[in-house]
Amino acid sequence: MKTIILDFDGTMGDTNSLIVRTMQQTIAKLGLPQRTDEQCAAMIGLPLRRTFTELIPMDEETGRKCEETYAALFDINNVPGAVPLFPHVKETLKEMHDRGMTLTIASSRGRDTLTAFVRDMGLEEYISYIVSAWDVTDAKPAPEMVNKILAAVGGTAEDALVVGDTVFDIEMGRSAGTKTCAVTYGNGKREDFVNADFVIDDFGELLNIV
């Protein structure tokens, strides 16, 4: 594999508790119907507004209010250290980088927080290109993010691997014609990933695939 396309939330950074808590606060603040933590977590990986419009029936204006409220609350909740890297992420990125692979990120997160996480976690030297939800018209599970990355770095789908923790990541990779690898420690379950080419339980296992 020459181009590795990584999801961030639930694949590299352990953002689950931060995201779910902020979603629940948003729902409560706007007086929307309650949802369980598990239902909220199942939406992770979609663009921000869609996490709410698909979780709770609502019109677009309410979806916009959810998006704005969540963003404001996230800024408050996202204190230093709130999001740790999953085990073996940094050393595995370094090894893949040293092997000459092009490492990129395709995330449904906004560019501001995504680039801040990459910087604060000391990953900038390994990541060549980032595509956020702000950079595309059709976010996951559409293939636009992958296509944009491959065009930018001069890669091909045949030599690319999409790595993520949700079915949205796997569907995105399959739609773009890449190989796909699902991780089981994030927001998805092993049984969700019947269509993935590879399934791993630890980020470090990527070295056995690439």
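Residues numbered from 1 in each chain as written. Predicted model: local features only at pLDDT ≥ 70, side-chain atom pairs only at ≥ 80, totals over all residues. Heavy atoms only, no water.

A.B. asks: Help me out: how do you make sense of the overall build of the protein chain in this one?
C.D. replies: Within the protein chain one finds eight helices and six strands. Order of helices (α) and strands (β) in the protein chain, N terminus to C terminus: β-α-α-α-α-α-β-α-β-α-β-α-β-β. Radius of gyration (C-alpha) of the protein chain: 16 Å, near the 17 Å computed for a compact globule of 210 residues. Referenced to the eigenvectors of the C-alpha coordinate spread, the extents of the protein chain come out at roughly 50 × 35 × 30 Å. At a minimum sequence separation of 6, the contacts of the protein chain that also span at least 24 residues come to 63%. With an accessible surface of roughly 9500 Å², the protein chain has 48% of that area assigned to carbon and sulfur atoms. Charge separation in the protein chain, taken as the distance between the mean sites of 20 positive and 33 negative side-chain charges, equals 2 Å. (Helix = DSSP H or I, 4+ residues; strand = E, 2+ residues; numbered from the N terminus. Rg over C-alpha atoms; globule rule 2.2 N^0.38 Å. Contact = heavy atoms within 4.5 Å. Areas by Shrake-Rupley, 256 points an atom, 1.4 Å probe, with all protein chains shown as cover. Lys, Arg positive; Asp, Glu negative; His and termini not counted. Charge placed at Lys NZ, Arg CZ, Asp CG, Glu CD.)

A.B. asks: Can you walk me through the pattern of salt bridges in this structure?
C.D. replies: Should their charged atoms come close, side chains of opposite charge can pair. Using the criterion set out here, one finds 13 salt bridges in the structure. With a shortest N-O distance of 2.8 Å, K140 and D7 are connected by a salt bridge. Placement of the pair is K140 in the loop between β3 (127-131) and α7 (144-153) and D7 in the loop between β1 (3-6) and α1 (16-29), with a sequence separation of 133 residues. For the pair shown, K140 and D7 are each scored as buried. With its nearest N and O atoms 2.8 Å apart, the salt bridge here joins D135 to R111. With D135 in the loop between β3 and α7 and R111 in helix α6 (residues 111-120), the pair connects residues that are 24 residues apart, well separated along the chain. Its relative accessible area of 25% is what places D135 among the partly exposed residues. Look at the salt bridges and you will find they share partners, linking D7, K140 and D169 into a network. (Salt bridge = Lys/Arg side-chain N within 4 Å of Asp/Glu carboxyl O. Buried < 20%, exposed > 50% of the residue type's maximum accessible area, 1.4 Å probe, protein only.)

A.B. asks: It is not clear to me how the packing of aromatic side chains should be interpreted in this structure. Could you clarify?
C.D. replies: Think of a pair of aromatic rings as described by two things: how far the centres are apart, and how the planes are tilted against each other in angle. Tallied over the entire structure, the rule returns four aromatic pairs. Ring geometry for F8 and F117: centres 5.4 Å apart, planes at 15°, overall stacked. Of this pair, F8 sits in the loop between β1 and α1 while F117 sits in helix α6, and the two are 109 residues apart along the sequence. The pair formed by F8 and F117 is uniform in burial state, with each residue classed as buried. In textbook terms, an aromatic cluster arises when at least three aromatic residues are bridged by ring pairs, as seen for F52, Y70 and F74. (Phe/Tyr/Trp six-rings, centres within 6.5 Å; stacked < 30°, edge-to-face > 60°.)

A.B. asks: Honestly, the environment of M23 in this entry has me stumped. Any pointers?
C.D. replies: Assignment of secondary structure puts M23 in helix α1. The sequence separation of M23 and G154 amounts to 131 residues, and the corresponding C-alpha distance is 37 Å. Other than its neighbours up to four places away in sequence, M23 contacts C40, M43, T51, F52, L55 and Y70.

A.B. asks: What should I look at first to understand unusual backbone geometry in this one?
C.D. replies: Glycine aside, negative phi is the norm for most residues, and most peptide bonds take the trans geometry. Note that the residue after K140, namely P141, is joined by a cis bond; omega there is 5°. As for its position among the elements, P141 is in the loop between β3 and α7. One non-glycine residue with positive phi stands out, namely H88, at about 70°. Relative to the helices and strands, H88 is located in the loop between α4 (60-77) and α5 (89-98).

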